[in-house]
Amino acid sequence: MAGIEHIHKINCEVARKQGYLVVLRMCVANSYKLCNKKDFEITRKLINNKYTESKKRETKQMGKYFGTDGFRGEANVNLTAEHAYKIGRFLGWYYGELKKQKQLDEPAKIVIGKDTRRSSYMFEYSLVSGLTASGADAYLLHVTTTPSVAYVARTDDFDCGIMISASHNPYYDNGIKLINSNGEKMDEETILLVEDYIDGKLRLFGQEWEDIPFAHKDAIGCTVDYVSGRNRYMGYLISLGVYSFKGMKVGLDCANGSSWNMAKSIFEALGAKCYVINAQPNGFNINNDAGSTHIEGLQKFVVDNGLDVGFAYDGDADRCLCVDELGNVITGDHILYIYGRYMKDRDKLLTNTVVTTIMSNFGLYKAFDELGIGYAKTAVGDKYVYEYMQQNGCRIGGEQSGHIIFSKYASTGDGILTSLKMMEVMLARKQKLSELCDGLTIYPQVLENVRVADKAEALANPDVQAAIEQVTAELGDTGRILVRESGTEPVIRVMLEAESEDICRKYVDMVVQKLK
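What counts and what doesn't
Residues numbered from 1 in each chain as written. Predicted model: local features only at pLDDT ≥ 70, side-chain atom pairs only at ≥ 80, totals over all residues. Heavy atoms only, no water. Helix = DSSP H or I, 4+ residues; strand = E, 2+ residues; numbered from the N terminus. Buried < 20%, exposed > 50% of the residue type's maximum accessible area, 1.4 Å probe, protein only. Contact = heavy atoms within 4.5 Å. Pairing = 2+ DSSP bridges. Right-handed = clockwise from strand over helix to strand, strands pointing away. Axes fitted to C-alpha atoms, helices over the stretch in contact; angles between N-to-C directions. Salt bridge = Lys/Arg side-chain N within 4 Å of Asp/Glu carboxyl O. Core = buried A, V, L, I, M, F, W, Y, C linked by side-chain atoms within 4.5 Å. Parallel < 35°, antiparallel > 145°, perpendicular 65-115°, else oblique. Nonpolar A, V, L, I, M, F, W, Y, C, P; charged D, E, K, R; others polar. pLDDT = per-residue confidence, 0-100.

## Side note on the overall build of the protein
Line of reasoning, step 1. Along the protein, the regular secondary structure elements total 18 helices and 21 strands.
Line of reasoning, step 2. Counting all 516 residues of the protein, 58% fall into the buried class.
Line of reasoning, step 3. Look at the contacts in the protein between residues 6 or more apart in sequence, and 71% of them connect residues 24 or more apart.

If you want it as structure tokens, here you go:
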């Protein structure tokens, strides 16, 4: 046992040195062969807990305007056309200045996409005004998906990309997502500079900037219709098709959002017979009783029409949930299980690790243990999943909500790509989607939000901590409890998974009583 403790200490020390982004394959190499399954799990939990704690601290330090998924708010209430103009002004000037410092005599190039909300057009024009006023050229993909913007930014030598979308939110909300030249979410340092400019306190390049200069004469930027970039992205997805979809009846729920004019064309190009719902956007119906957040419509549609499978996207199509031929919902956890197992069986699962968040179901981890597949847990947010994957060379990761990242093919969650990958496994295995879920038991889950005056104080209360420890001990390896602060509301979230809903309710109530 002393040897095992030494291994734990070494691995945790490595985790500290790497900012808690430890390569899990080191655990496999250094621990799994030398200790039993229980001790290996202790090592993995120690490392993943450290990583999650560090990410929780980082989440609390997010910017004034931008969260983990961009600058989001109600259009012209807390996200205004003026905000968009200023974001454009800064990015156009900033990337132009960086080029000047590299002695490049060319304007900054920034690509923009948007979803189908009425306000997306207003924000697009405001961003373009700011960008061109600062001397940048703005390339317009028009209505398109978030992953397509990431793809084009990465492959077509853009300085950055901008996606106008509030994802799964209702039509009256909107958002501005910033994407770097590698097709990844923008780094925190650049986002903080954007926020400083919005607030009129920018300090950069060794000086204070009350305002930034306008471009003049032939230095003023231009706009470029760049629908060809979106078309190339569609061609890229089609090229990833390994099998013909001929003979497959596929249901698509486009959420009246970004995928409405893309998903059907891609599936039909691969031979599928498509049955499409919620593909008539009018500016106000995005996500309205449609898409991955209202999947009950697709469930009924698949069963009523005798379809082989159904796929539901959200407003900007960076997430996907599935419906099997029986009408059952296939969540992000199911997708991680199905594709993780598929990769493992073909020796394609590099590092033998699937990256999840702390919200993934306990049953997923039990299933991975049975298959000998390692897993990592990050803080909630696909940003953290992708960061972990990049640091550690992992190939697949995602969230229960359907944000799935296939790092070999994309730098962000991609709903259409996810659905293509599910089709690949079905055709390769010659199995129905329901059959691919054999071996995975999703545990009942109860989640309760408790409103509190001070989140940190409530969570640190000794009685609350004692209740959590008692529940953890009584559950043992038959379930788990997760108690965490909400990042957006004054509430503590108490989530419990166990073998029955009655057990979940019993233990959730035990902790909730101490929080009230």
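## Observations regarding helix α7 (residues 188–198)
Line of reasoning, step 1. Taking burial as the measure, the eleven residues of α7 include eight buried ones, the bulk of the element.
Line of reasoning, step 2. The set of residues buried in α7 consists of Glu188, Thr190, Ile191, Leu193, Val194, Glu195, Tyr197 and Ile198.
Line of reasoning, step 3. Looking at the buried side of α7, the elements it contacts are β1 (66–67), β2 (70–74), α4 (81–101), β6 (173–180), β7 (202–204) and α13 (382–392).
Line of reasoning, step 4. Two residues or fewer past α7, glycine 200 is found with a positive phi of approximately 70°.

## Quick notes on the pairing of strand β15 (residues 353–357)
Residues in a regular strand point their side chains to alternate faces of the sheet.
Line of reasoning, step 1. In terms of burial, β15 is largely enclosed, as five of its five residues are buried.
Line of reasoning, step 2. Burial of β15 is two-sided: the residues Thr353, Val355 and Thr357 facing one way and the residues Val354 and Thr356 facing the other way are all buried.
Line of reasoning, step 3. Bridging between β15 and strand β16 (residues 374–378) involves five bridges; their strand directions are parallel. Along β16, the bridge assignment pairs threonine 356 with lysine 377.
Line of reasoning, step 4. A crossover connection joins β15 to the parallel β16 through helix α12 (residues 362–371); in handedness this β-α-β unit is right-handed.
Line of reasoning, step 5. Summarising the sheet, β15 and strand β17 (residues 396–398) pair through two bridges and their orientation is parallel. When the bridges of β17 are listed, valine 354 appears paired with isoleucine 396.

## Quick look at the sheet that holds β15
Line of reasoning, step 1. What the four strands build is an open sheet, ordered β16-β15-β17-β18; its pairing is mixed. One side of each edge strand has no neighbouring strand; the edge strands of this open sheet are β16 and β18 (404–406). Averaged over neighbouring strand pairs, the angle between their axes works out to 20° when direction is ignored.
Line of reasoning, step 2. Relative to the sheet, α13 contacts β15, β16, β17 and β18, its axis offset from that of β15 by approximately 155°.

## Topic: the pairing of β2
Line of reasoning, step 1. Inspection of the sheet shows β1 paired to β2 by two bridges, in the antiparallel sense. Across the sheet, phenylalanine 66 pairs through a bridge with phenylalanine 71, a residue of β2.
Line of reasoning, step 2. The loop that links β1 with its antiparallel partner β2 comprises two residues.

## Concerning the pattern of salt bridges
Line of reasoning, step 1. Taken as a whole and judged by the stated rule, the model has 25 salt bridges.
Line of reasoning, step 2. Ionic pairing is found between glutamate 424 and lysine 421, a salt bridge with its closest N-O pair at 3.0 Å. With glutamate 424 and lysine 421 both in helix α14 (residues 415–429) and three residues apart, the pair spans about one turn of that helix.
Line of reasoning, step 3. For glutamate 424, a relative accessible area of 8% gives the class buried.
Line of reasoning, step 4. One salt bridge connects glutamate 497 with arginine 480, and the closest N-O pair in it is separated by 2.9 Å. Linking glutamate 497 in strand β21 (residues 491–497) with arginine 480 in strand β20 (residues 480–485), this pair joins segments that are 17 residues apart in sequence.

## Section: the environment of phenylalanine 245
Line of reasoning, step 1. Position of phenylalanine 245 relative to the elements: it lies in the loop between α8 (227–239) and β10 (249–253).
Line of reasoning, step 2. Phenylalanine 245 sits in the buried class, given a relative accessible area of 2%.
Line of reasoning, step 3. Spatially, the C-alpha atoms of phenylalanine 245 and leucine 420 are 9.8 Å apart, while their sequence positions differ by 175 residues.
Line of reasoning, step 4. Aside from chain neighbours lying at most four places away, what touches phenylalanine 245 is Phe267, Leu270, Gly271, Ala272, Leu420, Met423 and Leu427.

## Regarding the nonpolar core
Line of reasoning, step 1. Residues Phe267 and Phe311 are the most contacted members of the largest nonpolar core, which totals 67 residues.
Line of reasoning, step 2. For this core, the element with the most residues is α14, which contributes eight residues.
Line of reasoning, step 3. Residue contacts for phenylalanine 311: discarding those within four places in its chain leaves Val250, Gly251, Leu252, Asp253, Phe267, Leu298, Cys320, Leu321, Cys322, Ser419, Met422 and Met423.
Line of reasoning, step 4. With 37 residues, the next largest nonpolar core counts Ala108, Ile110, Ile112 and Ala136 among its residues.

## What about the sheet that holds β20?
Line of reasoning, step 1. Read from one edge of the open sheet, three strands run β19-β21-β20, paired in antiparallel fashion. The open sheet terminates on both sides in strands that have one partner only, identified here as β19 (445–451) and β20. Recorded for the sheet is a direction-independent mean angle of 15° between the axes of neighbouring strands.
Line of reasoning, step 2. Direction of pairing for β20 relative to β21: antiparallel, over a ladder of six bridges.

## Brief notes about the packing of helix α6 (residues 146–155) against α8
Line of reasoning, step 1. It is at 9 Å that the axes of α6 and α8 come closest, and there the two elements cross at 100°. Our classification of the angle between α6 and α8 gives roughly perpendicular. Along the contact surface, α6 presents Pro147, Ser148, Tyr151 and Val152, while α8 presents Gly229, Arg232, Tyr233 and Tyr236.
Line of reasoning, step 2. Of the residues assigned to the contact of α6 with α8, the class counts are five nonpolar, two polar and one charged.

## Some words on the confidence of the model for the protein
Line of reasoning, step 1. On average, residues of the protein score 89 in pLDDT, and 88% of them are at 70 or above.
Line of reasoning, step 2. In this model, residues 1–61 is a region of pLDDT below 50 whose contacts with residues beyond four sequence positions or in other chains number 89 contacts.

## Here we look at the environment of isoleucine 198
Line of reasoning, step 1. Here isoleucine 198 is to be found in helix α7.
Line of reasoning, step 2. Between the C-alpha atoms of isoleucine 198 and alanine 84, which are 114 residues apart in sequence, the distance is 9.6 Å.
Line of reasoning, step 3. For isoleucine 198, the residues in contact, after removing those within four places along its chain, are Tyr65, Phe71, His83, Lys86 and Ile87.

## What about the environment of glycine 479?
Line of reasoning, step 1. By the secondary structure assignment, glycine 479 is in the loop between α17 (462–475) and β20.
Line of reasoning, step 2. Here the alpha-carbon distance between glycine 479 and glutamate 499, two residues 20 residues apart in the chain, equals 6.9 Å.
Line of reasoning, step 3. Look past the residues within four positions of glycine 479 in its chain and what remains in contact with it is Phe362, Glu497 and Ala498.

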